[in-house]
Amino acid sequence: MDTPFSTLIRTASHEQHTEAETSTFMGDLLGGTLGVDAYTRYTEQLWFVYKALEDGIERLADDPVAGPFLRAELARVPELERDLAHLRGPDWRERVTALPATEAYAARIEECVREWPAGYVAHHYTRYLGDLSGGQIIRDKAERTWGFARKGDGVRFYVFEGVGNPAAFKRQYRKLLDAIAVDELERQRVVAECKRAFSLNTAVFAALGEEFSSAA
Ligand code: HEM
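Just so you know, the residues in each chain are numbered from 1, in the order the chain's sequence is written. For a predicted model such as this one, the threshold for reporting local features is a pLDDT of at least 70, and the threshold for listing and counting side-chain atom pairs is 80 or more; totals across whole chains, interfaces and linings nevertheless cover every residue.

In the nomenclature of an unreviewed UniProt entry, the chain corresponds to Biliverdin-producing heme oxygenase from the organism Streptomyces tabacisoli.

Now the structure itself:
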């Protein structure tokens, strides 16, 4: 029996998921030993990543491979912008900067948007399915640690107003993955791109870990 693609991609990235989850920066952030400035800097990096994921994707709407995954209710850029206005103030745009690791991550996503829709799916999966899963744990911790209003400004990124039932949404998403309109070889390339997406995330965490350390 062929393994469903959703299982394959999940299993293939399992080890790297643990690595991302247990990175020093994430551990320190969720352990409550870092200040809100570290959380803010992380949120800024996410803004660059989601700009890359969401800007200009209209061109993928009719793509047979990536098109089915695009859902308006997933859009995170507007939520990140509200969070950043709260965290940094109304002039946040003038001060926001991407770390080199974030630039590299965003550049790879943009390349996929332009040239490789199946690769874009790997990035889409890695971020949005993660946000709908572990993202909820991060939100809860952030609310408790830095006193944000429940599901309010500062943590809106983690709140998917348009997704009524995340578990059902994820089931549906996995069905889309299982039916992805590519052949076996291309599926393998998508799995490899998913691993790359995790590595790009880990690199951002490492860079943030250098900037913010609870041991300092
Ligand atoms: C402290 C940080 C994190 C925590 C606590 C966390 C936790 C979780 C949990 C509990 C799940 C649900 C697993 C399941 O349904 O069985 C999950 C799924 C997922 N996470 Fe994370 N995660 C974290 C970081 C990340 C990062 C950094 C990424 C990648 C950027 C990521 C990507 C994913 C993906 C893609 C899934 C969906 C797996 C699937 O069902 O196919 N996670 N995470």
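Undergrad: Lay out the overall build of the chain with the relevant residues and their values.
TA: Comment: elements are numbered from the N terminus, with helices defined as DSSP H or I runs of at least four residues and strands as E runs of at least two. In terms of regular secondary structure, the chain is built from 11 helices and 0 strands. Seen in sequence order, the chain has helices and strands lined up from the N terminus as α-α-α-α-α-α-α-α-α-α-α. Note on method: radius of gyration uses C-alpha positions; expected globular size equals 2.2 Å times residues raised to 0.38. The C-alpha radius of gyration computed for the chain amounts to 17 Å, which stays within 12% of the reference 17 Å derived for 216 residues, consistent with globular compactness. Put simply, a residue is buried when 20 or more other C-beta atoms lie within 10 Å of its own C-beta and exposed when 12 or fewer do; between those, it is partly exposed, and each C-beta is set from the backbone. Here the chain, with 216 residues, has 34% of them falling under the buried criterion. Each residue gets a C-beta atom placed from its backbone, and two residues are in contact if those atoms lie within 7 Å. Contacts in the chain between residues far apart in sequence, at least 24 positions, make up 81% of those at least 6 positions apart.

Undergrad: Quick one: what's the story with the packing of helix H8 (residues 117-132) against helix H11 (residues 184-211), residue by residue and with numbers?
TA: Every angle, taken between N-to-C directions, lies between 0 and 180 degrees, and every axis is a line fitted to C-alpha atoms, over only the stretch in contact when it is a helix. Where H8 meets H11, the axes come as close as 8 Å, and the angle between the chain directions of the two elements is 45 degrees. In terms of orientation, H8 and H11 fall into the oblique class. Our pair here, H8 against H11, has a crossing hand that is right-handed. Here Ala118, Gly119, Val121, Ala122, His123, Tyr125 and Thr126 of H8 come into contact with H11, specifically with Glu186, Arg189, Val190, Glu193, Cys194, Ala197 and Phe198. Its residues assigned to classes, the contact of H8 with H11 shows 8 nonpolar, 3 polar and 3 charged. In what follows, roughly perpendicular refers to angles from 65 to 115 degrees, roughly parallel to angles under 35, roughly antiparallel to angles over 145, and oblique to any angle outside these ranges. Each crossing gets its hand from how the near helix is turned against the far one by less than a right angle, where anticlockwise is left-handed and clockwise is right-handed. In this classification, Asp, Glu, Lys and Arg are treated as charged, Ala, Val, Leu, Ile, Met, Phe, Trp, Tyr, Cys and Pro as nonpolar, and every other residue, Gly included, as polar.

Undergrad: Kindly report on the environment of Thr11, identifying the contributing residues and their values.
TA: Its place among the elements puts Thr11 in helix H1 (residues 5-12). The class for Thr11 is exposed, based on 11 C-beta atoms found within 10 Å.

Undergrad: Residue-level account of the nonpolar core, with values.
TA: Soluble globular proteins: nonpolar side chains tend toward being buried together. Ranked by internal contacts, the top residues of the largest apolar core, which has 49 residues, are Leu29, Leu46, Val49, Ile109, Val121, Tyr125 and Cys194. Mapped by element, the contributors of at least two residues to this core are helix H3 (24-30), helix H4 (36-54), helix H5 (77-88), helix H7 (100-115), H8, helix H10 (166-178) and H11. For this core, the element with the most residues is H4, which contributes 10 residues. Here Val121 is in contact with Val65, Ala66, Phe69, Ile180 and Val190, once residues within four sequence places are set aside. The term nonpolar core means buried Ala, Val, Leu, Ile, Met, Phe, Trp, Tyr and Cys residues held together as one set by C-beta atoms within 7 Å.

Undergrad: Outline the UniProt feature "binding site: heme b" (unreviewed entry) in the chain, listing residues and values.
TA: UniProt positions are given in the numbering used here, feature names are shortened, and annotations may be inferred rather than shown by experiment. Those places that UniProt annotates as "binding site: heme b" (unreviewed entry) correspond, in this numbering, to Arg10, His17, Tyr125 and Arg174. Topologically, Arg10 is positioned in helix H1. Note on Arg10: 17 C-beta atoms within 10 Å, which makes it partly exposed. Assignment of secondary structure puts Arg174 in helix H10.

Undergrad: Tell me about the site of the ligand, and please be specific about residues and values.
TA: Each residue gets a C-beta atom placed from its backbone. If that atom is within 6 Å of a molecule or strand, the residue is near it. For the ligand, the set of nearby residues contains 16 residues, the closest of which are Arg10, Ala20, Gly130, Ser133 and Gly134. Contributing elements (two or more residues each) for the shell around the ligand: helix H2 (14-21), H3, H8 and H11. The residue makeup of the shell around the ligand, split by class, is 7 nonpolar, 6 polar and 3 charged.

Undergrad: How would you explain unusual backbone geometry if you had to name every residue and give the values?
TA: Even without being glycine, Lys151 reaches a positive phi, approximately 60 degrees. Summarising the element assignment, Lys151 is placed in the loop between helix H9 (135-146) and H10.

Undergrad: Describe in detail the environment of Ser133, supporting the description with residues and values.
TA: In this fold, Ser133 is placed in the loop between H8 and H9. In sequence terms Ser133 and Tyr158 are 25 residues apart; their C-alpha atoms lie 9.7 Å from each other.

Undergrad: Residues and numbers for the packing of H2 against H11, please.
TA: Relative orientation of the contacting elements H2 and H11 amounts to 15 degrees, with a least axis distance of 10 Å. With respect to each other, H2 and H11 are oriented roughly parallel. The chirality of how H2 crosses H11 is left-handed. Residue-level contacts link Gln16, His17, Glu19 and Ala20 of H2 to Lys195, Phe198, Ser199, Asn201, Thr202 and Phe205 of H11. Within the contact of H2 with H11, the residues separate by chemical class into 3 nonpolar, 5 polar and 2 charged.

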